[in-house]
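So the chains spell out like this:
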Amino acid sequence: MISLSYCVKAAVSSLRSSKLRSGLTALGIIIGIAAVIATFTIGNSFTGYITETLDTQGSNYIVVSASKPNIFYDVQLDIIRNTPGVTDVAAEITKRGLVTFANGQKNLTIYGMHEAGMEIGSIPIYEGQMYSDKDSYVAVVGKDTAEDAFRREIGLRSTIDITLYNSDTKEYVTESFKVIGIAGTDKTDMLSGSGEYTMIFIPMHIMQEMTGETSYNLVYAMSDSRDDINETSDEIKKRLARNLGVSERDLDDNEKIPFMVINQAEILELVGTLTNTLQTFLLAIGGISLVVGAVGIMNIMVVTVTERTREIGILKALGYSSKDVLILFVVESIIISAVGGMIGTFFGLIIAYIGASFLGLQMAIPVSGVLFGVGLSVIVGILAGAQPSYRAAKMNPVEALRE
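Reading the values: rules and limits
- Residues numbered from 1 in each chain as written.
- Predicted model: local features only at pLDDT ≥ 70, side-chain atom pairs only at ≥ 80, totals over all residues.
- Heavy atoms only, no water.
- Helix = DSSP H or I, 4+ residues; strand = E, 2+ residues; numbered from the N terminus.
- Rg over C-alpha atoms; globule rule 2.2 N^0.38 Å.
- Buried < 20%, exposed > 50% of the residue type's maximum accessible area, 1.4 Å probe, protein only.
- Contact = heavy atoms within 4.5 Å.
- Areas by Shrake-Rupley, 256 points an atom, 1.4 Å probe, with all protein chains shown as cover.
- Polar contact = N/O pair within 3.5 Å; in protein donor to acceptor, adjacent residues only side chain to side chain.
- Pairing = 2+ DSSP bridges.
- Phe/Tyr/Trp six-rings, centres within 6.5 Å; stacked < 30°, edge-to-face > 60°.
- Lys NZ or Arg CZ within 6 Å of the ring centre and 35° of its normal.
- Core = buried A, V, L, I, M, F, W, Y, C linked by side-chain atoms within 4.5 Å.
- Salt bridge = Lys/Arg side-chain N within 4 Å of Asp/Glu carboxyl O.
- Expected span 1.5 Å × (residues − 1).
- Axes fitted to C-alpha atoms, helices over the stretch in contact; angles between N-to-C directions.
- Left-handed = near helix turned anticlockwise from the far one by under 90°.
- Nonpolar A, V, L, I, M, F, W, Y, C, P; charged D, E, K, R; others polar.

**Comments concerning the overall build of the protein**
Logical step 1: Within the protein, the regular secondary structure consists of 12 helices and 10 strands.
Logical step 2: Taking 403 residues into account, the globule formula puts the C-alpha radius of gyration at 22 Å, and the protein, at 32 Å, lies well above it.
Logical step 3: Each principal axis of the C-alpha atoms in the protein carries an extent, and together these give about 105 × 55 × 35 Å.
Logical step 4: The proportion of buried residues among the 403 residues of the protein is 45%.
Logical step 5: Sequence-distant contacts in the protein: of pairs separated by 6 or more residues, those separated by 24 or more amount to 80%.
Logical step 6: When the accessible surface of the protein is summed, it comes to about 20,500 Å², and 57% of that surface belongs to carbon and sulfur atoms.

Set out below in structure tokens:
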């Protein structure tokens, strides 16, 4: 039986004799594997970032959102608060308001929120402190807004004027607020450029006083156990539906329920589904490059078999079996694809590193993904080289020698 070392030497010698052709053949594999590795790594990093972000925002939170105005009042808030498994509740009213500071004006999102809302959502305080429900005319400003919204940076003890529309009096109301806290962290990335770090929080009772609103946009609840969070969410949904006149048989009909209940576990599942779908789509694009690469390998192997017909005849005349010839050419195909796979993996990791750095993500290199990329390239080489190698193995030695 032909030795593996001879197969490798013969394959390397053949590839060296036509460097340009071999390089162009491997290019399809390089591009395909690079696309697969980059997509897999960036997707893995993004999923890890989202999971970490949601975990830092509270592990057991439940969000109840109204799908139309005037749904949630203090009565509904008490129903959620008294649901078994709920340890804390906070409501939110969101309005666009005109914020004036240092002779500058900006239309920003103003959040009227109970004190517990910041705790349930684990919104970090970068400087200062969070207000209490008893405080009046104080504000917590998102770090991004404090640093970038105006010509001067908003700091602790700064005074900002907020103008909101009052739906009762049909007039605009302006009040001055003392900044007692800055919300945010030192972490900077393009994915955290929106959210709580661009918001302005004020006490709920002040928001209601200025706007005349008594209904809430959102209600946040904290479950006492992450393991039981789905059961707690279902119980909240049942109790609210009963209070709002929705029958139990219509609980699964979103058109008949004027609110939505979602918890952290469901958000993580949804994010996982979305990222997996995106990864699958991008991997399919990379797979097209792999198919192109496989066709390229198959073509060069057909040409190689034709060019080395006389060599095949000599090998068979010297006593090499069809199996030996088959192995000889399959090894050559594997070497092309394996080298292309390793180069593609290297470039894929570089692309992933650049992409993760641009997005501000911590790069998570999946070892299984790297092994998968190299292994996939070897499999592609075997499959692409199988038919030409089989053709070489089946050659009649006499006819091969005549060529």
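**Digging into the side chain of T211**
Logical step 1: Assignment of secondary structure puts T211 in helix 6 (residues 204–211).
Logical step 2: At 2.7 Å, the side chain of T211 forms a polar contact with the backbone oxygen of M207.
Logical step 3: Those residues within four positions of T211 in sequence are excluded, and the remaining contacts are K95, L164, Y165, N166, S167 and D168.

**Comments concerning the pairing of strand 8 (residues 200–203)**
Logical step 1: In the sheet, strand 3 (residues 104–113) pairs with strand 8 via four bridges, with the strands oriented parallel. Within strand 8, the position partnered with Y111 by the bridge is F201.

**Quick look at the packing of aromatic side chains**
Logical step 1: In the structure shown here, the tally under the stated rule is six aromatic pairs.
Logical step 2: With a centroid separation of 6.2 Å and 55° between ring planes, the pair formed by F72 and F259 is classed as tilted. Of this pair, F72 sits in the loop between strand 1 (61–66) and helix 3 (74–81) while F259 sits in strand 10 (residues 259–263), and the two are 187 residues apart along the sequence.
Logical step 3: With a relative accessible area of 6%, F259 lands in the buried category.
Logical step 4: One residue, K143, lies across the ring of Y126, its end atom 4.9 Å from the ring centre.

**Topic: the nonpolar core**
Logical step 1: Membership of the largest hydrophobic core comes to 45 residues, with the highest contact counts inside it found for V64, I160, I162, I200 and I236.
Logical step 2: Among all residues touching I160, those that are not within four sequence positions of it are V99, T100, F101, A139, V141, I154, E175, S176, F177, V179 and I200.
Logical step 3: Among the nonpolar cores identified, the runner-up in size contains 28 residues, and A10, A26, M301 and V380 belong to it.

**Observations regarding the pattern of salt bridges**
Logical step 1: Counting across every chain of the model gives four salt bridges.
Logical step 2: The salt bridge partner of R81 is D78, with a shortest N-O separation of 2.7 Å. Taken as a pair, R81 and D78 lie in helix 3 at a separation of three residues, close to a single helical turn.
Logical step 3: The class of R81 is partly exposed, set by a relative accessible area of 39%.
Logical step 4: You can call D78 partly exposed: its relative accessible area is 38%.
Logical step 5: Across the salt bridge formed by R239 and E235, the nearest N and O atoms sit 2.9 Å from each other.

**A short note on helix 10 (residues 322–359)**
Logical step 1: With 38 residues, helix 10 should cover 56 Å at 1.5 Å per step; its first-to-last C-alpha distance of 54 Å lies within 8% of that length.
Logical step 2: Where helix 10 terminates, the next one or two residues include G360, which has phi positive at roughly 75°.

**Remarks on unusual backbone geometry**
Logical step 1: For A102, which is not glycine, the phi dihedral falls at a positive 55°.
Logical step 2: With respect to the helices and strands, A102 occurs in the loop between strand 2 (86–101) and strand 3.
Logical step 3: The class for A102 is partly exposed, based on a relative accessible area of 24%.
Logical step 4: One non-glycine residue with positive phi stands out, namely Y137, at about 55°.

**So, the packing of helix 3 against helix 7 (residues 229–243)**
Logical step 1: Two numbers describe how helix 3 lies on helix 7: the axes approach to 9 Å, and their chain directions differ by 150°. Both helix 3 and helix 7 take part in a crossing whose hand is right-handed. Residues V75, Q76, I79 and I80 of helix 3 form the contact with helix 7, whose participating residues are I236, R239, L240 and N243.
Logical step 2: Of the residues in the contact of helix 3 with helix 7, the class split is five nonpolar, two polar and one charged.

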